[in-house]
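Understanding the architecture of this molecule
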2 protein chains.
Amino acid sequence: MRYARQNKILEIIKSQEIDTQEKLAEILRKTGFQVTQATVSRDIKELQLIKTTSESGQSCYTLPAKMEAPLSDRFRKILKETIQSVDAAENLIVVKTLSGCANAAGEAIDTSDYPQIVGTLAGDNTLLVIVDKKENVSQVMAAFEEIIA
Amino acid sequence: MRYARQNKILEIIKSQEIDTQEKLAEILRKTGFQVTQATVSRDIKELQLIKTTSESGQSCYTLPAKMEAPLSDRFRKILKETIQSVDAAENLIVVKTLSGCANAAGEAIDTSDYPQIVGTLAGDNTLLVIVDKKENVSQVMAAFEEIIA
DNA sequence: ATGAAATATGAATAATTATACGACCGGTCT
DNA sequence: AGACCGGTCGTATAATTATTCATATTTCAT
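If you're wondering where the values come from, they're calculated on a predicted model, not measured in any experiment. (Residues numbered from 1 in each chain as written. Chains lettered and ligands numbered in written order. Predicted model: local features only at pLDDT ≥ 70, side-chain atom pairs only at ≥ 80, totals over all residues. Heavy atoms only, no water.)

1. Observations concerning the nonpolar core
- Grouped together as the largest cluster of nonpolar side chains are 24 residues, with contacts concentrated most on L79, I93, V95, I109, L127, V129 and F144 of chain B.
- When near neighbours in sequence (up to four residues on either side) are disregarded, V95 of chain B contacts I83, S85, N125, T126, L127, V129 and F144 of chain B. (Core = buried A, V, L, I, M, F, W, Y, C linked by side-chain atoms within 4.5 Å. Buried < 20%, exposed > 50% of the residue type's maximum accessible area, 1.4 Å probe, protein only. Contact = heavy atoms within 4.5 Å.)

Here is the structure:
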């Protein structure tokens, strides 16, 4: 699923200076994402990454300066497309996602700043959402249901 | 001189969505700057313009988000390289520049926000700088001299 | 289940951008 | 004057990126 890969791309470009899509593709391949430059090109377009040239003259891909509006749409889309099911247990919500996408979904939720959500914990295809109070669980679940509807 | 051209480039990309360097080169040629894509590529690198993709999916060159530090260096450089002479008359300073560069120098000065400078008026190779008080003229001139030294 | 539509992707290639190289000033030094 | 240097730029081309086309896979409505 491409969201897990795109998540990885963001991770990579945040930690090192990448100046070509081919290099990005190579790193992804080493990390287990079997992918070509063509796909990386598409991912970069979708993530709206930009190629800047730093003062050192070194060019590299970075996040866009204004990432609010576009990305919040993006998060909603990620949740919509990766969440398989949502269940509650006490003050916890167990979210099942597509394989490898729990992390991406977790980041999307974290970044969306739900006040009732204390934190999230992501496995491979399971995301644990910790809610502050048992009473708020249904409210948060309703929000999720609404998104994935 | 390339600063006049780069100034034009900024003007163009601010007023319309340009998605390739070739198109930019064509517009420049129509405007009288006889130039090839190669040169535009170099200008774009120097201006640190970035190619973003707008929400409409249309990609285009734009100014970098953070343009403070790099551009102030740039302005200083423009002044240093384009100013030919500086003379005063009452509360006015007459700056001679390389042909076609008065505008670029004027913008550089305007953007630098000297408190004593009321405004500037640019011809082709002459820039008139209007200083608030006659007494401040020598101070501003000293600043210019320092830059072009 | 079954076929139609949507999605994702790779291979090949088209389109775009960056650069190596050489030419051409304009200024400077001897 | 002549040699030299630094900067600018075009041509040709290398390098990079985007897209077209074909497939495979999934989704979804019958």
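2. Notes on the layout of surface pockets
- Estimated volume of the largest pocket: approximately 520 Å³.
- Along the wall of the largest pocket there are 21 residues; nearest its centre are K51 and Y61 of chain A together with I50, K51 and Y61 of chain B.
- Secondary-structure elements contributing two or more residues to the lining of the largest pocket are helix 3 (37-47), strand 1 (50-53) and strand 2 (59-62) of chain A together with helix 3 (37-47), strand 1 (50-53) and strand 2 (59-62) of chain B.
- The element best represented in the lining of the largest pocket is strand 1 of chain A, accounting for four residues.
- A breakdown of the residues in the lining of the largest pocket according to their chemical character gives eight nonpolar, nine polar and four charged. (1 Å grid on protein atoms, 1.4 Å probe; cavity = no way out; pocket = protein on both sides within 12 Å on 5 of 7 lines; lining within 4 Å. Points joined across faces, edges and corners; volume = space filled by probe spheres on them. Helix = DSSP H or I, 4+ residues; strand = E, 2+ residues; numbered from the N terminus. Nonpolar A, V, L, I, M, F, W, Y, C, P; charged D, E, K, R; others polar.)

3. Some words on the packing of helix 1 (residues 2-15) of chain A against helix 2 (residues 21-30) of chain A
Residues and elements named next belong to chain A.
- Look at helix 1 against helix 2: their axes get within 11 Å of each other, and the N-to-C directions meet at 115 degrees. Considered as vectors, helix 1 and helix 2 are oriented roughly perpendicular to each other. As for the relative orientation of helix 1 and helix 2, their crossing is right-handed in sense. Every residue of helix 2 that contacts helix 1 at R5, K8, I9, I12 and I13 is listed here: L24, I27 and L28.
- The class makeup of the residues in the contact of helix 1 with helix 2 is six nonpolar, no polar and two charged. (Axes fitted to C-alpha atoms, helices over the stretch in contact; angles between N-to-C directions. Parallel < 35°, antiparallel > 145°, perpendicular 65-115°, else oblique. Left-handed = near helix turned anticlockwise from the far one by under 90°.)

4. A look at the sheet that holds strand 5 (residues 117-122) of chain B
All names here are of chain B.
- Read across the sheet, four strands follow the order 3-4-6-5 without closing on themselves; strand pairing throughout is antiparallel. The open sheet terminates on both sides in strands that have one partner only, identified here as strand 3 (83-89) and strand 5. Each adjacent strand pair in this sheet contributes to an overall mean axis angle of 20 degrees, direction not counted.
- Bridge analysis of strand 4 (residues 92-97) against strand 6 (residues 126-131) gives five bridges, and the strand direction is antiparallel. Residue I93 lies in a different strand from strand 6, and its bridge partner there is V129.
- Strands in contact with helix 6 (residues 137-148) are strand 3, strand 4, strand 5 and strand 6; relative to strand 3, the strand with the most contacts, it is inclined by about 170 degrees. (Pairing = 2+ DSSP bridges.)

5. With respect to the pattern of salt bridges
- The full count for this structure, using the stated rule, is 11 salt bridges over all chains.
- A salt bridge links R29 of chain A to E22 of chain A; the nearest nitrogen and oxygen atoms lie 3.1 Å apart.
- Note on R29 of chain A: relative accessible area 31%, which makes it partly exposed.
- With a relative accessible area of 36%, E22 of chain A lands in the partly exposed category.
- Between K8 of chain B and E11 of chain B there is a salt bridge, with the nearest N and O atoms lying 3.1 Å from each other. Taken together, the residues span about one helical turn, with K8 of chain B and E11 of chain B both in helix 1 (residues 2-15) at a distance of three residues. (Salt bridge = Lys/Arg side-chain N within 4 Å of Asp/Glu carboxyl O.)

6. Observations concerning the protein's contact with DNA strand C
- Within the structure, DNA strand C sits among 18 residues, and R2 and T39 of chain A together with Q21, K51 and Y61 of chain B are positioned closest to it.
- Restricting attention to atoms of DNA strand C within 4 Å of the protein, one finds that 70% of them are sugar or phosphate atoms.
- With respect to DNA strand C, the backbone of Q34 of chain A contributes an N or O atom lying 3.2 Å from a phosphate oxygen.
- Between DNA strand C and K45 of chain B there is a distance of 3.2 Å, counted from a phosphate oxygen to a side-chain nitrogen or oxygen.
- Taken together, the elements giving at least two residues each to the surface near DNA strand C come down to helix 1 and helix 3 of chain A together with helix 3 of chain B.
- Examining the composition of the surface near DNA strand C, we find that five residues originate from one element, helix 3 of chain B, more than from any other.
- Residue classes in the surface near DNA strand C are distributed as four nonpolar, seven polar and seven charged. (Near = heavy atom within 4 Å. Polar contact = N/O pair within 3.5 Å; in protein donor to acceptor, adjacent residues only side chain to side chain.)

7. Things to note about unusual backbone geometry
Residues and elements named next belong to chain A.
- In this structure, Q48 takes a positive phi of about 55 degrees despite not being glycine.
- If you trace the backbone, Q48 turns up in the loop between helix 3 and strand 1.
- Here Q48 falls in the buried class, since its relative accessible area comes to 19%.

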